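# Structure at a glance
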Amino acid sequence: MAPGRLLVAACLLVACGERVGAGRVTPAPDAEAAPPEVAPPDPNPPTSCAGEADEVAALRCWVRLLAGPGFAGRDNGSPGGAAARAAIVAGLQAYGLEMAGETGSFAQPLPRGANVLARVPGRDPARAGEHVVLAAHYDHLGEHGGVVHPGADDNASGVAVALAVARRLAADPPARSVLLAAFDAEEPPDYRTPTMGSEYFMAHPTVAREQLVAVVCLDLLGGDLWDGHRSPLYVMGRETFARRPEPALADDPRLPVRAMHLRLVEDLPHGRQAFSDHGAFFQREIPSLFVSTGRSPHYHQPSDTPDTLKYDKMLAAVAVVEAHVRVLADMPDRPAWARDQPVRAADAAVLAELLAAGLGEDGARGTDEFTGLARARLQADLVRARALAAGGREPSESEAREIVQISLRAQCLLAVDSEMPTAACLLL
């Protein structure tokens, strides 16, 4: 086992940049097991989505198009990646966004592939020079061993939601400008390197860096953490804002929304590690939101196909993301970085809810990863998380580390594979 493998496995609610095949338990080579079920090719793949007026139909169309056979998994630098980029640009043109790439185009060339950048100009001349970035990576893993990894949830779902939000914003612009960034090269081998699309953009911004006031990053928006569980939409990173963006949101049974501290998914034992494109902004102290429903069992698998997604859930996510972008873009004062970012009792409450669901409390459909050897440890973790949530005070730093540890244990178990046995997760 590589030294970093144990630590990298500890990520569930994020689009972790692992290699192909990381996911649920993988049988040993001599075990008798059927190959993963893969949906048959789409007999009538769409060729364009810009003309879809109905939002659910448009979301479904974008996912089917981007995760379709013609794009062959959208590996950056591949013909499929270029085709995906052309389709996104055509959609942005149809929705009326301005070019924001290099040399009067929508594109920013990378060493391999290219970012797609577009702009909704702000309506307030005094604030239009400031930009809220709405980001979602469009690349995926391409083909491995002759098998296409379609990447419907990772991250055609995020791109589809971002395009729907951009369409709404173009029809009714907020005070500040919004920069739509469809980043390329988020997946390995570019992940966490200077050639990662978001990292390259921050090193070579097409909008002056001081004009970038916040980012809302979308990754994995259409699946569930395990079958039969209606995973919430996790809005992570509000603590990075001096004034937290907390839009008024109506209760929506299609998609519960839960705020969560980024430390609960990024504060790994070897150091903090962002698992998606918001990391390039966070490192530069630009306030950052990371929005995701988490890693489904299809994560980085050939089975990540359009038919596995929940499109009513994605439509509800469009409204949530739009509300957060508008709050940030309409704030009277420029969004500012928060120096102090404490873990709160509310974070323990969100974690307790996840543990209770996974353990099958109150009639919930639990997950197999929380049974057997893990069950007693997680039941104790649930008791502790509830106590920290209900203590009537905010946690101390040592208690915050406890909350993070409980979170990483649960995440590791839900991301377990042949290199990450249950016993190793319980040591976190």
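Residues numbered from 1 in each chain as written. Predicted model: local features only at pLDDT ≥ 70, side-chain atom pairs only at ≥ 80, totals over all residues. Heavy atoms only, no water.

### Some words on the pairing of strand S13 (residues 288–292)
The following threshold applies: Buried means the residue's accessible area, taken with a 1.4 Å probe over protein chains only, is under 20% of the maximum for its type, while exposed means over 50%, and partly exposed covers the values in between. Numbering of helices and strands runs from the N terminus; a helix is a DSSP stretch of H or I covering at least four residues, while a strand is a stretch of E covering at least two. If DSSP finds at least two bridges between two strands, the strands pair.
Most of S13 is tucked away: five of the five residues are buried. Of the two faces of S13, the one carrying Ser 288, Phe 290 and Ser 292 and the one carrying Leu 289 and Val 291 are both buried. Looking at chain direction, strand S8 (residues 212–218) and S13 are connected through four bridges and run parallel. What sits directly across from Cys 217, in S13, is Phe 290. Looking at chain direction, strand S9 (residues 233–236) and S13 are connected through three bridges and run antiparallel. Note on S13: the bridge partner recorded for Val 235 is Val 291.

### Remarks on the side chain of Ser 303
Note the cut-off: Here a polar contact means two N or O atoms within 3.5 Å. Within protein one must be a hydrogen donor candidate and the other an acceptor candidate, and residues neighboring in sequence count only if both atoms are side-chain atoms.
Among the structural elements, Ser 303 can be located in the loop between S13 and helix H8 (311–330). Overall, Ser 303 belongs to the buried group, its relative accessible area being 8%. Polar contacts involving the side chain of Ser 303 include one to the side chain of His 298, which spans 2.9 Å.

### Notes on unusual backbone geometry
Cis geometry marks the peptide bond from Asp 154 to Asn 155, where omega comes out at 5°. Turning to its location among the elements, Asn 155 is positioned in helix H4 (residues 152–171). Pro 189 follows Pro 188 through a cis peptide bond whose omega is 10°. Along the polypeptide, Pro 189 turns up in the loop between strand S7 (177–183) and helix H5 (197–203). Positive phi outside glycine occurs at Arg 74, with the angle close to 55°. Within the secondary structure layout, Arg 74 lies in the loop between helix H2 (55–66) and helix H3 (79–95). Residue Arg 192 is not a glycine yet carries a positive backbone phi of 60°. Residue placement: Arg 192 occurs in the loop between S7 and H5.

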